[in-house]
Amino acid sequence: MPLPLFLLGGAVSAIVLAEYKQQRKEALINRYYPRANSKKAELKYSPSLIHSSNTKVKPIAGAMVCCHVYGLVCHVGIWCDDAIIELHGSGLVRVVSPERFLKQRSGETIYIACNSQAEPLASKIAANNAKELIFSFRKYDLIANNCYRFTWFCLSGEEVKISSFTELNQQLANYFKQDIYWDELIYI
């Protein structure tokens, strides 16, 4: 009896994966050929450990970047002067190299928030605010005072509780008034 349940679980997983792949494919097609009756701005293409975005983008100062943390969540920071300013889990705001940003995290890719034309969504204000906060401490909390809140604060100047990557993306879409596509970052 357990074998048929195992097969059923495998079939359901295959269907879910196929639907996920189709949604990502449609998001990329609609990126370059948007529908005229598009709704409000939103996250259209999230970072994936499984599927490449096939779009590589050079970073600019003030761009929002992210990487996967053990495939469960995304860690975000702000690109500035060929490095990334991030809120570390210790509460320290620090500057790290792209290599260090990925160290002890899953994946080998840094993603950058872009618009539908693969242009980084960036803000000089965010870059300047992040620079001013280097070596400062924030009382870190995984849910209430995390890297999402730090990044949003640098961009907007607002202290807002942002508990998830999804919430951050909605804030970014509203701020930039554009759909968000997380493309692979090129750096060297």
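A few points on the structure. (Residues numbered from 1 in each chain as written. Predicted model: local features only at pLDDT ≥ 70, side-chain atom pairs only at ≥ 80, totals over all residues. Heavy atoms only, no water.)

## Focus on a nonpolar patch on the surface
Side chains of Tyr70, Leu72 and Val73 sit close together on the surface and give an oily, nonpolar patch of about 370 Å² of accessible area. Secondary-structure assignment places valine 73 in strand 4 (residues 73-80). (Patch = residues over 30% accessible without salt bridge, like charges linked within 9 Å, V, L, I, M, F, W, Y side chains within 5 Å. Areas by Shrake-Rupley, 256 points an atom, 1.4 Å probe, with all protein chains shown as cover. Salt bridge = Lys/Arg side-chain N within 4 Å of Asp/Glu carboxyl O. Helix = DSSP H or I, 4+ residues; strand = E, 2+ residues; numbered from the N terminus.)

## Brief notes about the pattern of salt bridges
The final tally for this structure, using the stated rule, is six salt bridges. A salt bridge links lysine 131 to aspartate 81; its shortest N-O distance comes to 3.2 Å. With lysine 131 in helix 3 (residues 124-133) and aspartate 81 in the loop between strand 4 and strand 5 (83-87), this residue pair connects regions lying 50 residues apart in the sequence. Take aspartate 81: its relative accessible area is 57%, and that puts it in the exposed class. Here arginine 94 ties to glutamate 86 by a salt bridge, and the two come within 2.7 Å at their closest N and O atoms. (Buried < 20%, exposed > 50% of the residue type's maximum accessible area, 1.4 Å probe, protein only.)

## Topic: the packing of aromatic side chains
Under the counting rule described, the total for this entry stands at four aromatic pairs. Ring centres 5.3 Å apart and planes at 45° place the aromatic pair phenylalanine 165 and tryptophan 182 in the tilted group. On the criterion of sequence distance, the pair formed by phenylalanine 165 in helix 5 (residues 165-176) and tryptophan 182 in strand 8 (residues 180-185) is long-range, its members being 17 residues apart. A relative accessible area of 11% places phenylalanine 165 in the buried class. (Phe/Tyr/Trp six-rings, centres within 6.5 Å; stacked < 30°, edge-to-face > 60°.)

## Details of unusual backbone geometry
Despite not being glycine, aspartate 81 shows a phi value in the positive range, around 55°. A positive phi angle is found at phenylalanine 135, which is not glycine, with a value near 70°. Of note, phenylalanine 135 is situated in the loop between helix 3 and helix 4 (147-156).

## A short note on the nonpolar core
With 31 residues, the main nonpolar core has Met64, Leu172 and Trp182 as its most contacted residues. Every element with two or more residues in this core is listed here: strand 3 (64-69), strand 4, strand 5, strand 7 (111-114), helix 3, helix 4, helix 5 and strand 8. By residue number, the principal contributor to this core is helix 4, which donates six residues. With residues near it in sequence (within four places) discarded, methionine 64 still touches Gly77, Ile78, Tyr111, Ile112, Ala113, Leu121, Ala126, Thr151, Leu155, Leu172 and Trp182. Ala63, Val96, Ile110 and Cys114 belong to the second-largest nonpolar core, a separate cluster that totals 13 residues. (Core = buried A, V, L, I, M, F, W, Y, C linked by side-chain atoms within 4.5 Å. Contact = heavy atoms within 4.5 Å.)

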